[in-house]
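# Descriptive analysis of the structure
Chain by chain, the residues run as shown.
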Protein chains: 2
Amino acid sequence: MKTKSTTELNDTIYKVEQICKSNKLGLTQIRRQVFEIIVKNNKPVKAYEILDEISNINDKSSHPPTVYRAIDFLIENGFVHKLNSINSYVGCFHPKANKECYFLICKKCNIYQECCDDSLKDRISKTAVHHNFVISNTTLEIEGHCLDCNQK
Amino acid sequence: MKTKSTTELNDTIYKVEQICKSNKLGLTQIRRQVFEIIVKNNKPVKAYEILDEISNINDKSSHPPTVYRAIDFLIENGFVHKLNSINSYVGCFHPKANKECYFLICKKCNIYQECCDDSLKDRISKTAVHHNFVISNTTLEIEGHCLDCNQK
DNA sequence: ATAATATATGTTATGTTATAACATTGCAAC
DNA sequence: GTTGCAATGTTATAACATAACATATATTAT
Ligand SMILES: [Zn+2]
Ligand SMILES: [Zn+2]
Ligand SMILES: [Zn+2]
Ligand SMILES: [Zn+2]
């Protein structure tokens, strides 16, 4: 799993800014700060880690609701995902691409990757249909070891 | 999604007893109690709900570690699964069948169902291989509405 | 049987993750 | 300028989970 370049990270932030502008979504200072922290970390980040970073940046201690509200906004708009298996948050690298996002998470180096194959989505859809089930959201988190970590 | 019959629930408990016997796994009183609570609820159960029930059954208040240890034992041996998306625990209805278990969870009636299609497993494997990723465990939790709830 | 060992449980305290509830601020519309 | 609304600040607490150490119970070796 290759880690993302600074350019890719900045592009993602830029893309989200544009989406917010054209959709009149209030990307306020805190929301933007939280998003940048998540994206630039480039690994799954914990809410209280974000809280610490926010407190540092703004040179005064913030409180949990501040961070969780920003996260909620970012998730609602598809800019950030929560990884339920590790209670952490990651940036989406194709926001508004209208995909469900699935994840590979390396337990060793903590790098993650979105893996939103259509074939996977289709297979999940078929399973749901087969069970007469209407999907509202899907959590697919594949934990294991990436190539690099597996070779060591 | 049909809810399971008493017979099915009892069969599951019996099966686990047999597995424990033949594998010399200590299905102690508390572990058995916790397993029965999870299975007989027949819905995703929260750790602190289990704690309450255990306290009632044994007529004295128990503590979180008691329940979490029992849950750990049951998960390690494949008798119980954790649903990460809702911090809840469910019984496995094909213990030791050597499958990864995937789940459909109805947000309305809270019924769940295992849906461990091989085709789904294959599709996930292929995705992992494609990314040079070695899977250690997979979380697949599909939330939405079951047939009954969708028709209402 | 007794001691040594390992396994399981009890108990207290605390760590981690997340939300409720209500007050305050900033800004736009009327 | 006051009404309305969205966002943030603040305090407190709820919900979920584990660390650390003491005690009890079961196995096993002598
Ligand atoms: Zn995404
Ligand atoms: Zn790795
Ligand atoms: Zn199962
Ligand atoms: Zn339902």
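Data block above holds the structure.
All figures in this text were calculated on a predicted structure; none of them were measured in a lab. (Residues numbered from 1 in each chain as written. Chains lettered and ligands numbered in written order. Predicted model: local features only at pLDDT ≥ 70, side-chain atom pairs only at ≥ 80, totals over all residues. Heavy atoms only, no water.)

## Some details on the coordination of the zinc ion (ligand 2)
Residues and elements named next belong to chain A. Those donors, Cys106 (SG), Cys109 (SG), Cys146 (SG) and Cys149 (SG), are the protein atoms that reach the zinc ion (ligand 2), and they lie 2.3 Å from it. One can describe the site at the zinc ion (ligand 2) as tetrahedral: its four donor atoms subtend angles covering 105 to 116 degrees at the metal. Counting residues between consecutive donors of the zinc ion (ligand 2) along the chain gives the motif C-x2-C-x36-C-x2-C. Across this residue pair, the class does not change: Cys146 and Cys149 are buried. (Donors = N, O, S within 2.8 Å, 3.2 Å for Na, K, Ca; no water. Tetrahedral: all angles 85-135°; square planar, octahedral: opposite > 155°, others 65-115°. Buried < 20%, exposed > 50% of the residue type's maximum accessible area, 1.4 Å probe, protein only.)

## Things to note about the packing of helix 2 (residues 29-41) of chain A against helix 3 (residues 47-58) of chain A
Residues and elements named next belong to chain A. Between helix 2 and helix 3, whose axes approach to 10 Å, the crossing angle comes to 120 degrees. One element, helix 2, and the other, helix 3, form an angle in the oblique class. With respect to the hand of their crossing, helix 2 and helix 3 are arranged in right-handed fashion. Only Ile50, Glu53, Ile54, Ile57 and Asn58 of helix 3 make contact with helix 2, whose side of the interface consists of Gln29, Gln33, Val34, Ile37, Ile38 and Asn41. Tallied by class, residues from the contact of helix 2 with helix 3 come to six nonpolar, four polar and one charged. (Axes fitted to C-alpha atoms, helices over the stretch in contact; angles between N-to-C directions. Helix = DSSP H or I, 4+ residues; strand = E, 2+ residues; numbered from the N terminus. Parallel < 35°, antiparallel > 145°, perpendicular 65-115°, else oblique. Left-handed = near helix turned anticlockwise from the far one by under 90°. Contact = heavy atoms within 4.5 Å. Nonpolar A, V, L, I, M, F, W, Y, C, P; charged D, E, K, R; others polar.)

## Overview of unusual backbone geometry
Residue and element names in this part refer to chain B. Positive phi is not limited to glycine here, since Asp59 has a value of about 55 degrees. Tracing the chain through its elements places Asp59 in the loop between helix 3 (47-58) and helix 4 (64-76). The phi dihedral of Asn110 is positive, around 70 degrees, even though this residue is not glycine. Along the chain, Asn110 turns up in the loop between strand 3 (103-106) and strand 4 (112-114).

## Focus: the protein's contact with DNA strand D
Surveying the vicinity of DNA strand D reveals 17 residues, the closest of which are Thr28(A), Arg69(A), Lys46(B), Tyr48(B) and Lys82(B). Across the atoms of DNA strand D situated within 4 Å of the protein, the share located in sugar and phosphate is 46%. In this structure, a phosphate oxygen belonging to DNA strand D sits 3.1 Å away from a side-chain N or O atom of Tyr89(B). Residue assignment for the surface near DNA strand D shows that the elements contributing at least two residues are helix 2 and helix 4 (64-76) of chain A together with helix 4 of chain B. Looking at the surface near DNA strand D, the element that brings in the most residues is helix 4 of chain B, giving four residues. (Near = heavy atom within 4 Å. Polar contact = N/O pair within 3.5 Å; in protein donor to acceptor, adjacent residues only side chain to side chain.)

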